[in-house]
Amino acid sequence: MAKRKVDTENRGFQTRWESEYMFTKVAGKPVCLLCGESVAVLKEYNLRRHYETKHADKNKNMDMEQRLQKAEELKRGLKSRQALFKKAKSQGQAAVKASFILAEEIAKSARPFTEGDFIKNCMIKVCDEVCPEKRQLFLNVSLSRNTIAERVDQLSINLKEQLVKKGKDFIAYSLAVDESIDISDIAQLSIFIRGVDSNLSVTEEFLALRPMHGTTTGHDLYEEVSRCVNEMELPWEKLVGLTTDGAPAMCGHRSGLVAKIREKMQEENATGELTAYHCIIHQEALCGKALKMEHVMSIITRTVNFIRAKGLNHRQFKAFLTELETEHGDLPYHTEVRWLSQGKVLQRCFELREEICLFLDSKGKDTTQLRDEMFLCEMAFLCDITSHLNAINLQLQGRDRVISDMYSTVKAFKTKLTLWETQMRKENLSHFPSCQTMKEKLSTSAFPSTQLADKIGMLAADFRRRFADFEAQKSRLELLGNPFAVDVESSPPNLQMELIDLQCNDALRAKYAAVGAAEFARFLPGTMPQLRIQAAQTLSMFGSTYLCEQLFSLMNLNKTSHRSRLTAEHLHSILRISSAQSLTPNIDELVEKMGHHQVSPSTSNK
């Protein structure tokens, strides 16, 4: 005979039991109003036995009306206590949630963990003036240094868990890897991931920042990257691209990071080929060196340093410019690491060239070189061409950049260089305003258009050489950029039938025109699986290590000379929070995990 199950007998609580046995129903269970104990099984016999055993003597002289009144009074008291408990629980959870929110803001703003105490003191002072009756609620919010550090770690772990969960849906992903030195001379390896799921939605997030206390060889870099990939439970066969800064340790043919990862993929029997890229932005900046005009820059740098390095000279120069009522009131510094600063310095020096010469004359400095017409022509040319290079550099920067769009930007610039070279030989200076200014002011000698056209030709040749790896992937990139213009016959055989179907579909052509190349991939129908896989692989590729460089800037904001002892774990947590884009910490989930924990005022003041 099967054992009886009480839950299936549908026993109901009867109202008369409240007055007869002083019981009420709470969350489906009978609870004694006199002592608070609950009875496991809802049966009248159990309630009567509990009452007669423990409370019969207390209420034996009461009539039924008095028992009803007492039962109602006890029920009101129980409800009041329940409401108070719920309110206390709600206030405790609100205090914990507030500490999480403020910890996230402190991490994002690169503030030290001790800022929590400062913020709390400010909140208490505001509360005393605005709502003094709620002072205790603000005191319950724990913002001590240890609490903020703990909250930041919890937020970071939550973000990582979300990324791991998203990573399980990736059908293709790529990595961007770069290395830099922090304030403590520790090599830091920055790794970002760009993954695409089956819906062709792109996730671009921070993967890890790994400190490297010893050597930074290709093998060392590989060990750290491999550990990150395995921790994220990412399959090696879905790795399609790796973008680096082009350093030998990264790109060495035998022992570089790229070579080591290719070996690993072969060991894992990955069918796909790893495509390795040297950061587009880095290569574009290196192309500028092909102009071989360091002699111009050295004179400019020496002049700026003379004015800016000494406080007296700098003050006098600014006063001199104010007296002359010039448009600009100062000269900027040029820093080699900051690629865009060169263009700003050149532009300002060219615009203030006469005032600079006058000031240097007053200081007894030789200005023969600065007044030389050939030098001024070269400076004007360098100013204009650097301005063009800075413009493309800015176009290539930013998050969520599709590699096919970046390739199109570079391809357009190479075409511009060809045009500019032709026009320069004809002394057509439409796109070189500074050169045009100098040509109009030349006294005797002719403008050196042929020499400068040769410089443009050298720059164009270096662009072709450095971006040869992108040219090798031209057909693949154009397939994502404009699949309707791709030559079907020259495409891979596995894509040809689907390409014909796509190019003959007027509805998809209209959708492409409406949403653009980057978004169009998501509208490819399921009947074109090969095109979808191809699009996913291309969408997942990084064109640059911009995100890594941006992360190093955040790292330097957080790990300063005043916070040089910031641990690697805390730095990692801070950077994961401050660099997150498509992911946000699930604070409600974290508060729920902490359960009924409520911070006491004494704890919050520690």
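Here is what the cut-offs are and how they apply
- Residues numbered from 1 in each chain as written.
- Predicted model: local features only at pLDDT ≥ 70, side-chain atom pairs only at ≥ 80, totals over all residues.
- Heavy atoms only, no water.
- Buried < 20%, exposed > 50% of the residue type's maximum accessible area, 1.4 Å probe, protein only.
- Helix = DSSP H or I, 4+ residues; strand = E, 2+ residues; numbered from the N terminus.
- Pairing = 2+ DSSP bridges.
- Axes fitted to C-alpha atoms, helices over the stretch in contact; angles between N-to-C directions.
- Contact = heavy atoms within 4.5 Å.
- Core = buried A, V, L, I, M, F, W, Y, C linked by side-chain atoms within 4.5 Å.
- Arc of directions from axis to C-beta.
- Parallel < 35°, antiparallel > 145°, perpendicular 65-115°, else oblique.
- Nonpolar A, V, L, I, M, F, W, Y, C, P; charged D, E, K, R; others polar.

Chemist: Could you give an account of the pairing of strand β4 (residues 187–197), naming the residues involved and the relevant values?
Modeler: Extensive coverage of β4 is indicated by the burial of 11 of its 11 residues. Burial of β4 is two-sided: the residues Ala187, Leu189, Ile191, Ile193, Gly195 and Asp197 facing one way and the residues Gln188, Ser190, Phe192, Arg194 and Val196 facing the other way are all buried. Summarising the sheet, strand β3 (residues 170–181) and β4 pair through 11 bridges and their orientation is antiparallel. Across the sheet, the residue bridging to isoleucine 181 is alanine 187, located in β4. Here β3 folds back onto β4 in antiparallel fashion, the turn holding five residues, of which aspartate 185 has a positive phi close to 65°. As paired strands, β4 and strand β5 (residues 202–212) are joined by 10 bridges and run antiparallel to one another. Paired with isoleucine 191 across the bridge in β5 is alanine 208. Between β4 and β5, which pair antiparallel one after the other, the connecting turn spans four residues, and leucine 200 there sits at a positive phi close to 60°.

Chemist: I'd like to hear about the sheet that holds β5, residue by residue, with values.
Modeler: Taken together, the five strands give an open sheet; going across it, the order is β5-β4-β3-β6-β7, and neighbouring strands pair in mixed fashion. This sheet does not close on itself; its edge strands, each paired only once, are β5 and β7 (275–278). Adjacent strand axes in the sheet meet at a mean angle of 20° when their direction is disregarded.

Chemist: Could you give an account of the side chain of asparagine 313, naming the residues involved and the relevant values?
Modeler: With respect to the secondary-structure elements, asparagine 313 resides in helix α12 (residues 311–324). You can call asparagine 313 buried: its relative accessible area is 6%. In this structure, asparagine 313 is in contact with Phe306, Ile307, Phe359 and Lys363, ignoring residues within four places of it in sequence.

Chemist: Just give me the short version of the nonpolar core, but keep the residues and values in it.
Modeler: Counting residues in hydrophobic clusters, the biggest one holds 64 residues, and the most contacted among them are Leu175, Val177, Val225, Leu257 and Ile261. Ranked by residue count, the leading element in this core is helix α6 (residues 145–167), at seven residues. If near-sequence neighbours (up to four positions away) are discounted, isoleucine 261 is found in contact with Tyr222, Val225, Trp236, Leu239, Leu242 and Leu274. Formed by 63 residues, the second largest nonpolar core is a distinct cluster that contains Cys287, Ile299, Leu376 and Phe432.

Chemist: Residue-level account of helix α18 (residues 433–441), with values.
Modeler: Those residues of α18 lying buried are Ser434, Cys435 and Met438. The buried residues of α18 occupy an angular sector of 100° when projected down its axis, which confines them to one face. Opposite the packed face of α18, turned more than 90 degrees from it, sit the exposed residues Pro433 and Glu440. Against α13 (341–351), α14 (353–362) and α16 (373–396) lie the buried residues of α18.

Chemist: Describe the environment of lysine 439, and please don't skip the residues or the numbers.
Modeler: Among the secondary structure elements, lysine 439 is positioned in helix α18. On the basis of relative accessible area, lysine 439 is assigned to the partly exposed category, the value being 30%. Taking the C-alpha atoms as reference, lysine 439 lies 49 Å from aspartate 185; in sequence the two are 254 residues apart. If sequence neighbours within four positions are ignored, lysine 439 has contacts with Glu427, Leu429 and Phe447.

Chemist: Account for the packing of helix α11 (residues 294–309) against α13, naming residues and giving values.
Modeler: Interaxial distance between α11 and α13 falls to 11 Å at its minimum, and their mutual angle equals 75°. By the angle between their axes, α11 is roughly perpendicular relative to α13. Residues Met297, Ile300 and Val304 of α11 form the contact with α13, whose own contacting residues are Gln342, Val345, Leu346 and Cys349. When grouped by side-chain class, the residues that make up the contact of α11 with α13 number six nonpolar, one polar and no charged.

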